[in-house]
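These are the residues of each chain, in order.
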Amino acid sequence: HAVSRVLEIGVLGGSSLRMWEEFFPQAAIFGFDIDPGCLAHGGDRRHVVIGDQASGESLDRLMAFVGTGVDLIIDDGSHVTTTQRFTFDRLFAHLCPGGLYAIEDLQTSYQAPYGGGPDGFSMVDYLKRLADQVNLYGGPRSGQEQVDAGALVPEVAAVHFHYGLTIVEKRL
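In this text, all values refer to a predicted model and were calculated from it rather than measured experimentally.

Analysis parameters
Residues numbered from 1 in each chain as written. Predicted model: local features only at pLDDT ≥ 70, side-chain atom pairs only at ≥ 80, totals over all residues. Heavy atoms only, no water. Helix = DSSP H or I, 4+ residues; strand = E, 2+ residues; numbered from the N terminus. Rg over C-alpha atoms; globule rule 2.2 N^0.38 Å. Buried < 20%, exposed > 50% of the residue type's maximum accessible area, 1.4 Å probe, protein only. Contact = heavy atoms within 4.5 Å. Areas by Shrake-Rupley, 256 points an atom, 1.4 Å probe, with all protein chains shown as cover. Lys, Arg positive; Asp, Glu negative; His and termini not counted. Charge placed at Lys NZ, Arg CZ, Asp CG, Glu CD. Phe/Tyr/Trp six-rings, centres within 6.5 Å; stacked < 30°, edge-to-face > 60°. Lys NZ or Arg CZ within 6 Å of the ring centre and 35° of its normal. Pairing = 2+ DSSP bridges. Axes fitted to C-alpha atoms, helices over the stretch in contact; angles between N-to-C directions. Arc of directions from axis to C-beta.

Asks: Explain the overall build of the chain to me, using residue names and the numbers behind them.
Replies: A tally of helices and strands in the chain yields four helices and seven strands. For 172 residues, the compact-globule estimate of 2.2 N^0.38 gives 16 Å, and the chain sits close to it at 16 Å. Along the first, second and third principal axes, the C-alpha set of the chain runs to 50 × 40 × 30 Å. Expressed as a percentage of the 172 residues in the chain, the buried residues total 47%. For the chain, the proportion of contacts with a sequence separation of at least 24, taken over those separated by at least 6, is 55%. Total accessible area on the chain is roughly 8500 Å²; 56% of this is exposed by carbon and sulfur atoms. Of the charged side chains in the chain, 12 are positive and 22 negative; the average position of the first set lies 5 Å away from that of the second.

Asks: Mind laying out the packing of aromatic side chains, listing which residues take part and the relevant values?
Replies: Under the defined criterion, the tally for this structure stands at six aromatic pairs. The interplanar angle of 15° and the centroid separation of 5.8 Å between the aromatic rings of tryptophan 20 and phenylalanine 24 together place this pair among those described as stacked. Note on accessibility: tryptophan 20 and phenylalanine 24 belong to one class, buried. Residues phenylalanine 88 and tyrosine 101 carry aromatic rings whose centres are separated by 4.8 Å and whose planes lie at 90° to one another, so their mutual orientation is edge-to-face. Remark: tyrosine 101 occurs in strand β5 (residues 95-104) and phenylalanine 88 occurs in helix α3 (residues 81-91); sequence separation between them is 13 residues. The pair formed by phenylalanine 88 and tyrosine 101 is uniform in burial state, with each residue classed as buried. One aromatic cluster is present, built from ring pairs that chain together Phe88, Phe92, Tyr101 and Tyr126. Over the aromatic face of phenylalanine 92 sits the side chain of lysine 170, whose NZ or CZ is 5.8 Å from the ring centroid.

Asks: Just give me the short version of unusual backbone geometry, but keep the residues and values in it.
Replies: Note on backbone geometry: most residues besides glycine have negative phi, and most peptide bonds are trans. Non-glycine residue leucine 12 carries a positive phi angle of around 50°. When you line up the elements, leucine 12 lands in the loop between β1 (5-9) and α1 (15-23). Residue aspartate 105 is not a glycine yet carries a positive backbone phi of 55°. With respect to the helices, strands and loops of the structure, aspartate 105 is situated in the loop between β5 and α4 (123-137). Residue aspartate 105 is classed as partly exposed on the basis of its relative accessible area, which comes to 25%.

Asks: A description of the sheet that holds strand β3 (residues 46-50) should follow, citing residues and the corresponding values.
Replies: With mixed pairing, the seven strands of this open sheet are ordered in space as β3-β2-β1-β4-β5-β7-β6. Each edge of the open sheet carries a strand with a single partner, namely β3 and β6 (156-162). In this sheet, neighbouring strand axes are inclined to one another by 15° on average, regardless of whether the strands run parallel or antiparallel. Sheet topology note: the β5/strand β7 (residues 165-170) ladder contains five bridges and is antiparallel. Bridge pairing in β7 places alanine 102 opposite isoleucine 167.

Asks: Any chance you could break down the environment of alanine 102 for me, citing the residues and the numbers?
Replies: Relative to the helices and strands, alanine 102 resides in strand β5. Along the backbone, alanine 102 and aspartate 119 are 17 residues apart, and their C-alpha atoms lie at a distance of 23 Å.

Asks: Help me get a handle on α1, residues and values and all.
Replies: By the burial criterion, the buried members of α1 are Ser16, Leu17, Trp20 and Glu21. Angularly, the buried residues of α1 cover 145° about the axis, an arc narrow enough to put them on a single face. Exposed and oriented more than 90 degrees from the buried face of α1 are Ser15, Glu22 and Phe23. On its buried face, α1 is in contact with β1, β2 (28-33), β3 and β4 (70-75).

Printed below as a string of structure tokens:
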């Protein structure tokens, strides 16, 4: 189907918003950033919302503006493990069926300044547990122990791992 809504968390210089606008010529492109200076990168089909991805209130306000049925969500924001997970848990439901949720720069899951490390609580660890649930059960089953990502499993079609990037695909 034609892509109609793209959301990128983390605007910085706005170049990726312009790229998405060119790549998806019919889509509304939404950016979300904590820096008010990023408002300068809105225009045409690009809309920028200012807020903190670690705040449920900010994310709720963002999604009230964007609406449901987002085709592609890209998290290129804080790169902090706890914030990546909070944002994923909050926004995955807003994807349309068949939509994609991309999390960039996941090498930070192995870096202490971003909350990463070998403790099993990084974003990569969370996504691996999600992939385990999808592959083992195809979704949560009664009587089976579930990982912390179990609530999302019925909605997940696939988890694709690449260097520094994971893409979670929502079921049709």
